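Structural overview
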Amino acid sequence: MNSFKKVASTRYSYLMRKLFFEVRRQQLRNTRQVSTTETVQETSNTNEIKIPKRIERGPTDILKALSNTVKRDYTAPHYKYHDDPFLIPTSNISKRMFALSQESGRKAAQWIRQEHADLFQHRVADPPIEVYFPRAVYDEKSEVDETVLQKVIEQHRVSDALTIYGLLEENSVELSRATKQSLLELLCYYNSQDPLEEEWIEERWFRQGNRSREKKKNVWKRGGVVENLFKNMSPPDAASYTALLCGRAQFGDVQGAYQIYQEALDAGIGLSADAFNALITGASVLKEGHELRWAFIEELLASMKQQGVSPNLGTLNAILETLSSMSSNKESQKRSLAVVAEFRAMGIEPSLASYYFLLNTFCQDKSSMRSAILVSILNLLEGKSLEIRDPRDVMFFTQAMDVCRFHLSDLDTAHRVDKLLHTADNYNLIGDSYKESIYYRNFFALACQMGTLEEFMELYYKLVPNIYVPEPGIMEEIIKTVDLNEAWELLPRLWSDVVMFEHTDRESLICAVLTALQRSQTDDTELMGRLADVAWGIWERLENQKESRFNKKISWTGQMLGDVMLVLLRADRYLQAVDITTALDKRQHEILGVPSFQSLSMFLGKSIERKEIKKAIWTVQYCSEAGFEDTIKLAQLLNSSVQLDSDQKSQLGSIVGPQALVQAAATA
């Protein structure tokens, strides 16, 4: 009976659920029919179909969309280090060597393709891709025309453009003014030298830091094709004057640029904003004294207004750059803010380069007054996706982190700068390897000094070594901080990183590690053994080091050897400590200073425990020669702890005096 009721109840529930779903299905069908009818009626009333506008997609938009769905794996190296996990570079030198070696291989392949062009005439793609084929070689026998010259100008091939232009000049081929102007701009922009090709990404990444400093020198090539070409522009117009003026200013010939400006004024030719921007940037060279420079800038701005030339972002940055070079003048800060406000009123928003120059103006003063301008800048930029609008925009983040460390000493602001850097694609504005290294150097140093050790080590594990390899100075600061916080369990990992980063040739860093090791005090036997491994590793590495013209050998000091010996003895590694004392005995004329009395005293105690009488007597003698005041106490300890024969007592008495041993025996 109960089973029958159970079956009936189950059947009833099933029928009720089926009825519910049938009613719901009918409701949805009716709703869909009504909406379809309304749509048809609307379509019939309007009689038009609205097709949405086509969204332009780039060739890599899908890849970018997929990339945004995956967070960065900080434990993985850069994608360019992909060959073998055991060969992934972990030091700055090896990273640079690896990347440039790969690029050198591609260069070698291109050289072979160019030198043996007859072997590479097959079509590797249809339609053919020009970059896959060897470049055309132009010489005295080449048949060229203006079209060929225009083509190489578009490709920024300076040497080929010079060769073709020379051939056309020899053949008295008359060129159009537009072609001459394009050639003049190419030669002025690159100073008649072939630029580094865009495809050599790694060479650009590792070279730009040095090249930016070289551009400040006067390297402009006077005379030659550029000057002749300018004279052949009969008569030169505003574009010609602008190209030559900007070229000279860009490569350090500011006086020559100003001379071109005077010639243009005398000829009644108005120049473009780029020409005025170049002269404003060179005001520091053209004029001496802050007030004379500012008067010169005002003169140029007045000339722009008279000629009807509208200023642009380049004008703003040129003014701010010159004002930043006069940061010691109290008026520079007021003028900088006034200039920014005026340009904003004209609808010209500052770029990252503008903020970079403002930081230079407000934060270079050595006085105790701190400026909060970086905080104001971050309030404007935070959360935004930034774009490069000026070549000098890449200098902002490095300078901002420098200000956080040296001017503000503010870790919270540094984290805000780092968050902005990692927003959207803003990391593309880090610049090059040199700027990236300086950025993280300041960030790590500030985090190490101002933050907690736990927070810093979290940052360390996240970024090292795939994103950033700390320099020896930063590693030294880290080890000192670990020692200060008595977090000696971190020393084995940090020493392993020092070896991996190839910093073992830095004496101050080695001394910092040894100092931390000898200060370590723990009851953990396993940890003590690991610390002893580090100390012994330092001993072996310095003993086997080889001197070269790049690396100078580190010389042992008595303090360093004492630190190593102390750590070994704490881990009960007496035999390894004996090797240290042997070096002290045989190379005492090479070793500067003596070990600490604590390390020698501990070695004496371990020697007494092991009944190593000769080593114990040697220790007493070494302490006596080193001039330690407590040498007599060590001798008395040795005499009272073990049974000495007559020769050993005589030898010990000759060191500290027989009377000292007699007094010790009487006291006992």
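Here the structure is shown first, and the text comes after it.
Let me begin by describing the structure that accompanies this report. In this text, all values refer to a predicted model and were calculated from it rather than measured experimentally.

**Considering unusual backbone geometry**
A cis amide bond, omega 5°, links Asp126 with the succeeding residue Pro127. You can see Pro127 is positioned in the loop between α3 (92–115) and α4 (146–154). Between Val464 and the following residue, Pro465, the backbone shows a cis peptide bond with an omega angle of 0°. Residue Ser172 is not a glycine yet carries a positive backbone phi of 55°. Its place among the elements puts Ser172 in the loop between α5 (158–170) and α6 (177–190). With relative accessibility at 65%, the residue Ser172 sits in the exposed group. A positive phi angle is found at Ser192, which is not glycine, with a value near 60°.

**Some details on the side chain of Asp253**
Assignment of secondary structure puts Asp253 in the loop between α9 (238–250) and α10 (254–266). Beyond its immediate sequence surroundings of up to four residues, Asp253 is in contact with Asn218, Trp220, Arg222 and Arg248.

**Some points on the packing of aromatic side chains**
For the structure on display, the rule yields 22 aromatic pairs. Ring centres 4.9 Å apart and planes at 65° place the aromatic pair Phe444 and Tyr468 in the edge-to-face group. Residue Phe444 is found in helix α20 (residues 433–450), and its partner Tyr468 is found in the loop between α21 (453–463) and α22 (472–484); the two are separated by 24 residues along the sequence. Accessibility expressed as a relative area gives 0% for Phe444, which makes it buried. Classification of Tyr468 as buried rests on a relative accessible area of 4%. Taken together, Tyr439, Tyr440, Phe443, Phe444, Phe456, Tyr460, Tyr461 and Tyr468 form an aromatic cluster joined through their ring pairs.

**Some words on the pattern of salt bridges**
Under the definition given, this model contains 26 salt bridges. Among the ionic pairs, Arg222 bridges to Asp253, the shortest N-O distance being 3.0 Å. You can see Arg222 sitting in the loop between α7 (201–214) and α8 (224–232) and its partner Asp253 sitting in the loop between α9 and α10, a full 31 residues away along the chain. Residue class for Asp253 comes out buried when judged on its relative accessible area of 3%. Arg248 is the partner of Asp253 in a salt bridge, and the nearest nitrogen-oxygen pair spans 3.9 Å. The residues Asp253 and Arg248 share a single accessibility class, namely buried. Shared partners join several salt bridges into a network, and the residues in it are Arg222, Glu227, Arg248 and Asp253.

**Notes on the side chain of Thr413**
Mapped onto the secondary structure, Thr413 falls in helix α19 (residues 411–421). The class for Thr413 is buried, based on a relative accessible area of 4%. The contact partners of Thr413, leaving out residues within four places of it in the chain, are Leu374, Val375, Leu378, Cys404 and Leu408.

Reading the values: rules and limits
- Residues numbered from 1 in each chain as written.
- Predicted model: local features only at pLDDT ≥ 70, side-chain atom pairs only at ≥ 80, totals over all residues.
- Heavy atoms only, no water.
- Helix = DSSP H or I, 4+ residues; strand = E, 2+ residues; numbered from the N terminus.
- Buried < 20%, exposed > 50% of the residue type's maximum accessible area, 1.4 Å probe, protein only.
- Contact = heavy atoms within 4.5 Å.
- Phe/Tyr/Trp six-rings, centres within 6.5 Å; stacked < 30°, edge-to-face > 60°.
- Salt bridge = Lys/Arg side-chain N within 4 Å of Asp/Glu carboxyl O.

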